[in-house]
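Chain by chain, the residues run as shown.
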Number of protein chains: 4
Amino acid sequence: MSSEFGTNIKVSVFGESHGAAIGAVIDGLPAGEEINEQELLAFMARRAPGAALTTPRKEADFPRFVSGVYKGKTTGSPVCVMIENTNVKSSDYEKMSAIPRPGHADFTAFAKYSGNADMRGGGHFSGRLTAPICAVGGIALQILKRRGILINASIVEIGGATADKMQEVFEGLNGDSVGGLIECCATGIPAGLGGGMFGLESKLSYALFGIPGVKGVEFGSGFAGSRKKGSENNDAFCVKDEKIFTETNNHGGLLGGITTGMPLVFRIALKPTPSIALEQDSVDLNTLENVKLKIEGRHDPCIAIRAVPVAEAVCALVLLDEMV
Amino acid sequence: MSSEFGTNIKVSVFGESHGAAIGAVIDGLPAGEEINEQELLAFMARRAPGAALTTPRKEADFPRFVSGVYKGKTTGSPVCVMIENTNVKSSDYEKMSAIPRPGHADFTAFAKYSGNADMRGGGHFSGRLTAPICAVGGIALQILKRRGILINASIVEIGGATADKMQEVFEGLNGDSVGGLIECCATGIPAGLGGGMFGLESKLSYALFGIPGVKGVEFGSGFAGSRKKGSENNDAFCVKDEKIFTETNNHGGLLGGITTGMPLVFRIALKPTPSIALEQDSVDLNTLENVKLKIEGRHDPCIAIRAVPVAEAVCALVLLDEMV
Amino acid sequence: MSSEFGTNIKVSVFGESHGAAIGAVIDGLPAGEEINEQELLAFMARRAPGAALTTPRKEADFPRFVSGVYKGKTTGSPVCVMIENTNVKSSDYEKMSAIPRPGHADFTAFAKYSGNADMRGGGHFSGRLTAPICAVGGIALQILKRRGILINASIVEIGGATADKMQEVFEGLNGDSVGGLIECCATGIPAGLGGGMFGLESKLSYALFGIPGVKGVEFGSGFAGSRKKGSENNDAFCVKDEKIFTETNNHGGLLGGITTGMPLVFRIALKPTPSIALEQDSVDLNTLENVKLKIEGRHDPCIAIRAVPVAEAVCALVLLDEMV
Amino acid sequence: MSSEFGTNIKVSVFGESHGAAIGAVIDGLPAGEEINEQELLAFMARRAPGAALTTPRKEADFPRFVSGVYKGKTTGSPVCVMIENTNVKSSDYEKMSAIPRPGHADFTAFAKYSGNADMRGGGHFSGRLTAPICAVGGIALQILKRRGILINASIVEIGGATADKMQEVFEGLNGDSVGGLIECCATGIPAGLGGGMFGLESKLSYALFGIPGVKGVEFGSGFAGSRKKGSENNDAFCVKDEKIFTETNNHGGLLGGITTGMPLVFRIALKPTPSIALEQDSVDLNTLENVKLKIEGRHDPCIAIRAVPVAEAVCALVLLDEMV
């Protein structure tokens, strides 16, 4: 029931898509960590709309650090980052309020909040809320990089096709949308992080399922591994130059919820963008009648694309939480 | 870093496979809830070994409620359930201590706990630790049933084959093992449970990844949904007899982390049992030499089978946590 | 190690006294609760400086709700309140940075954050951080009032004298300061709130000790009760008009961490304002030499006075957390 | 609403006074820590009844470690300690069930748990529940001692008299009881532990108010400090041999919720034992009539005495939580 994750490093996300601002508070970052602002903006730009193949809406997602940063370094007290919603055009959305969009949280927010939620543009459920996660996750990525940990995510599938077919897939959409699959890999992690019965898979999946549209999370061979034999899926240990490793990585860097020192590998399944240009069936919550719905405005044909840096951000935040 | 999950209903799991006892403390159960002991034992028996197709080891997993239950009802104070480890035969395992078994937590526990973990029989990482989860989850199932919520899980795939081929799959194993896929479905849930940016998927996956061997979790159409178009994956709303519902359920009962009132559906991917009878490559942690490993003893050919009631137990505990 | 409290209603406080802004995120407020802005500003004004007997510094503590409020009501998603630091004059403070002020967190922040904390004006440890607590606590007070719960705190002692002697006490200070004692009383609370071994006293004290300067918390007869006999301190139960109550209230409305339905009564001890005009002994953290310190600027002669509404705010937030 | 405290080291307490057993699970202890069993039993004996001046009831509070300890050392997985309730005589108590004892949790437990709580002997609210806290806290004390941190608590007041008058105070009681004041001091703590707006006072007080009967907590000069002037209460910093310290310790080792390196000093106020031999007024919860109540059995004349090691245990657990 909360918009927060983390134990020693807590991230609390706030804001609605068309409200005054969105942002996050991150509490527990180590003090004295330099923030490379250019690197951070470049990282956040990967998530921003307007890039090729994403929605042409223009958002000035400029993060303002209102606390916890002094002389370019973290102070040790909570960092609050704010992103003003400067370019809000609610007219596209407001008339829909009584008709829940299929695949969106409109209906469930209505059920839970009795019509009080500010659902303009998706409200607190909007993918826009991942911008502040990228802002604070970008700091975590910089801290981890200085400790030798690199995190990289990429699209591996678009609408069931390999990622190199993306352009073709998009050209055939005609207002429809597709889902996608992201793979994230983190290297340089020491063995022995995580643990407890509810270990690193638990913590990572908790945060990853907070990314709007994520409907599946798997580690290492994941679902494919459930179709294998033990002799195929087990990763044999071997030693070379006094270093223990595995040549295969079906375990995805985690055994018993604890890192093995091998690359951490997970994949997240993003559903197709629910907002499509095609006419859909829905209901009018006021009159309780079946109605037709046509969503106006332009939308990302595939939300997975912009979720790539978000996966990296979340991974960095969860890993750093284990290391402070 | 903990063996606990839950917010208002916290479950804390303790014990090692070959230690004195295993158990769990559940704090936050409502007071005055009757416990049907026969029903609970029958539920736990589904997880117990010795059933057809599972390991023939015999464990007397009899739960002893040492607190929180009085005159057959919950008191409102923490319930501690204990299961004595009466049938421990460590000899099969103890000699392996310096040679980590591929696919097990032996190596990571060594890395994390510097050799102090009691890893006999898998220690705290053993699938045996799911017995107390079933004990306390069985209580949650009974409470939910009285509120009209029914939870049912089943095997849907064994080693990549449909579940009805289980017998054939097992007959061809010759000491090898297979993974499996479990689907869990909960009905009778009201719309509006969960929520926050980190909603019910987050809470469920956190707990589900604590089940030993789980490497993937998906809700509704999950990974398959990521290969679909929006027009295929969106579930249209419709109304009949003043009740709003969706005819399809690709969303798995959850939109925006909040229940829609449709059945909650998730699947978990279990890796193949890592303990197999075939010789494997490993290393000697003391001498840092590559060695051959042959695991003695009998093991479940597929850990997914006994994880079925565990999935139900975890689902019940997480749902009840949202309802108190 | 965190700037957050609460279980179902979490309050996360951020900001530094002379940074860009201070604020708080409150996650978990029920949806649809009206916010009376005039009432809220009036409540916050009680904490603001510039009132009689407090420091003449002028802060425009105007709360800006950047999320979670829509059409004057709570939306159910996190409420972020921001207060810009518009009137920052750091010059009074900045030269002190190497010389920790006795009674302040300067030295401990240096020890913990290795000199990276932004300690201008007290930084994150400043009493100014109680302004956002009043902003979100003021909302909680309004919600509780609608449910029949009234909370009222007042000064009961100033520098050891009864509160009516305040003017005299202050006139004799000559640049020195005094501590104070606040009593808070909440009425209309139903019996049965709280509980667990770590009950309402635990939750209240956790939050109350976060108010800068609080060094003691007691419930009911508290420390005085420890000097009594059982026959004097026990509150006899009696019944009248089918209502059970106690005529005395040494238990302060709490037995076993659970509310009895009698008024909740607690007192908090505030230390004297550490910033005084008199010369004090301190050390230079750079040269490790003993030095004399004279703190410039004007300060509250007694921080307890402005902490009165903060006590009410904290009480409301903790009580509401138990009721959602 | 829970019987748990701690962040990285979580302590979950379970059991009822006259149930099958009481105990605690402690999750997060570092691995490889030796447990000196004799030292632990000696520590627990200080809390046990039967010592001079405490109740003559005999409880065999022998702790059984059922998990998390292997070959005399912590394994890193959760430690569960069980204490069987071998000597339960419920007859003294059972007939009282409809008549709440003044000063006890009988009435509030009834209000909260609708009569389902097992209140025999005080149930989950009994002082007996501090035995498992001493068991796990005793381990924490041993760990801290190896790191140079020593914790010592003692009675400083009994019924308002100094502790050396204890014998006299008790002789004049005639079935009545008295409260008491405990002071706890911890030395060897490095500067820089704790922090955040809700720092070490918050965490300590949260746990301390869980000790049955505690109604007040103060740090350093505490309530007395609120009656002082700033010039009297501030602790001047000085330096000698390159070490910074304060000659006085009104701050009790904590400034801004962070340790200064000076001794941590706090006091807790224990109310008089509510069970007294004198006749008291109460009500019958069934008939809603005013009745007279006379409590049979023997009780501690002052619960503060046996709470002394509990204060040390709690202090150790909270400090260790900050250090792992």
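Preceding this paragraph is the structure being described.
Overview of the structure. (Residues numbered from 1 in each chain as written. Chains lettered and ligands numbered in written order. Predicted model: local features only at pLDDT ≥ 70, side-chain atom pairs only at ≥ 80, totals over all residues. Heavy atoms only, no water.)

Considering the relation of the copies chain A and chain B
What connects the two chain copies is a rotation about an axis and a shift along it. Each copy of the sequence occupies a distinct position, and chain A is placed on chain B by a rotation of 180° and an axial shift of 0.0 Å, giving an RMSD of 0.0 Å. Both chain copies can therefore be described as sitting about a two-fold axis. By residue overlap, the copies meet face to face through one surface: 99% of the interface positions of chain A are interface positions in chain B. (Least-squares fit on C-alpha atoms with pLDDT ≥ 70 in both. Contact = heavy atoms within 4.5 Å.)

Focus: the sheet that holds strand β4 (residues 64-67) of chain C
Residues and elements named next belong to chain C. Spatial strand order, β1-β2-β3-β7-β4: five strands in an open sheet with antiparallel pairing. With partners counted over all chains shown, the strands left at the sheet margins are β1 (4-5) and β4, one partner each. As judged from the six bridges shared by strand β3 (residues 21-27) and strand β7 (residues 79-84), these two strands associate in the antiparallel manner. Its bridge partner being in β7, glycine 23 is matched across the sheet by methionine 82. Its contacts with the sheet put helix α4 (residues 130-146) on β2 (10-15), β3, β4 and β7, and the angle it makes with β3 is roughly 35°. (Pairing = 2+ DSSP bridges. Helix = DSSP H or I, 4+ residues; strand = E, 2+ residues; numbered from the N terminus. Axes fitted to C-alpha atoms, helices over the stretch in contact; angles between N-to-C directions.)

Remarks on the packing of aromatic side chains
Tallied over the entire structure, the rule returns 24 aromatic pairs over all chains. On the numbers, 5.2 Å between centres and 90° between planes, the contact of Phe209(A) with Phe219(B) is edge-to-face. Taken together, the residues Phe209(A) in the loop between α6 (200-208) and β11 (214-219) and Phe219(B) in strand β11 (residues 214-219) connect one chain to another. The two residues Phe209(A) and Phe219(B) agree in class, both being buried. Pairwise contacts between aromatic rings join Phe5(A), Phe198(A), Tyr206(A), Phe5(B), Phe198(B) and Tyr206(B) into one cluster. (Phe/Tyr/Trp six-rings, centres within 6.5 Å; stacked < 30°, edge-to-face > 60°. Buried < 20%, exposed > 50% of the residue type's maximum accessible area, 1.4 Å probe, protein only.)

Overview of the interface of chain C and chain A
At the interface, 37 residues of chain C touch 37 residues of chain A. The contact between chain C and chain A buries some 2900 Å² in all, and 54% of this surface belongs to carbon and sulfur atoms. The shortest N-O distance in the salt bridge between Arg64(A) and Glu84(C) comes to 2.9 Å. Linking chain C with chain A are 14 residue pairs in polar contact (both at pLDDT 80 or more). For the side of chain C that touches chain A, the secondary-structure elements that each account for two or more residues are β2, β3, β4, β6 (73-74) and β7 of chain C. Here the element with the most residues in the side of chain C that touches chain A is β2(C); it accounts for five residues. Each residue belonging to the side of chain C that touches chain A can be placed in one class, and the counts come to 14 nonpolar, 13 polar and ten charged. (Buried area = accessible area lost by both parts, 1.4 Å probe. Salt bridge = Lys/Arg side-chain N within 4 Å of Asp/Glu carboxyl O. Polar contact = N/O pair within 3.5 Å; in protein donor to acceptor, adjacent residues only side chain to side chain. Nonpolar A, V, L, I, M, F, W, Y, C, P; charged D, E, K, R; others polar.)

Structural notes on the pattern of salt bridges
On inspection of all chains with the given rule, the structure shows 68 salt bridges over all chains. Between Glu33(D) and Arg146(D) there is a salt bridge whose closest N-O contact spans 2.8 Å. Pair noted here: Glu33(D) is in the loop between β3 (21-27) and α1 (37-47) and Arg146(D) is in helix α4 (residues 130-146), with a separation of 113 residues, a long-range link. A network of salt bridges, in which partner residues are shared, links Glu33(A), Arg146(A) and Arg147(A).

Examining the relation of the copies chain C and chain A
After a rotation of 180° and a shift along the axis of 0.0 Å, chain C superposes on chain A with an RMSD of 0.0 Å. In this assembly, 100% of the residues forming the interface of chain C have copies in chain A that are likewise at the interface, indicating an isologous arrangement.

So, the side chain of Glu218(A)
Residue and element names in this part refer to chain A. Locating glutamate 218 in the fold gives a position in strand β11. When its relative accessible area of 7% is taken as the criterion, glutamate 218 is described as buried. Looking at glutamate 218, its side chain comes within polar contact range of the main-chain nitrogen of phenylalanine 223, at 2.7 Å. In terms of polar contacts, glutamate 218 uses its side chain to reach the side chain of arginine 267, at 2.7 Å.

Some remarks on helix α3 (residues 106-113) of chain A
Of all the positions in α3(A), only Asp106(A), Phe107(A), Thr108(A), Ala109(A) and Tyr113(A) are classed as buried. In this structure, the buried residues of α3(A) make contact with β12 (237-240), β13 (243-246), β14 (254-255) and β15 (258-259) of chain B. Just downstream of α3(A) lies Ser114(A), where phi reads positive at about 55°.

Note that all results are geometric; they support no functional claim without further evidence.
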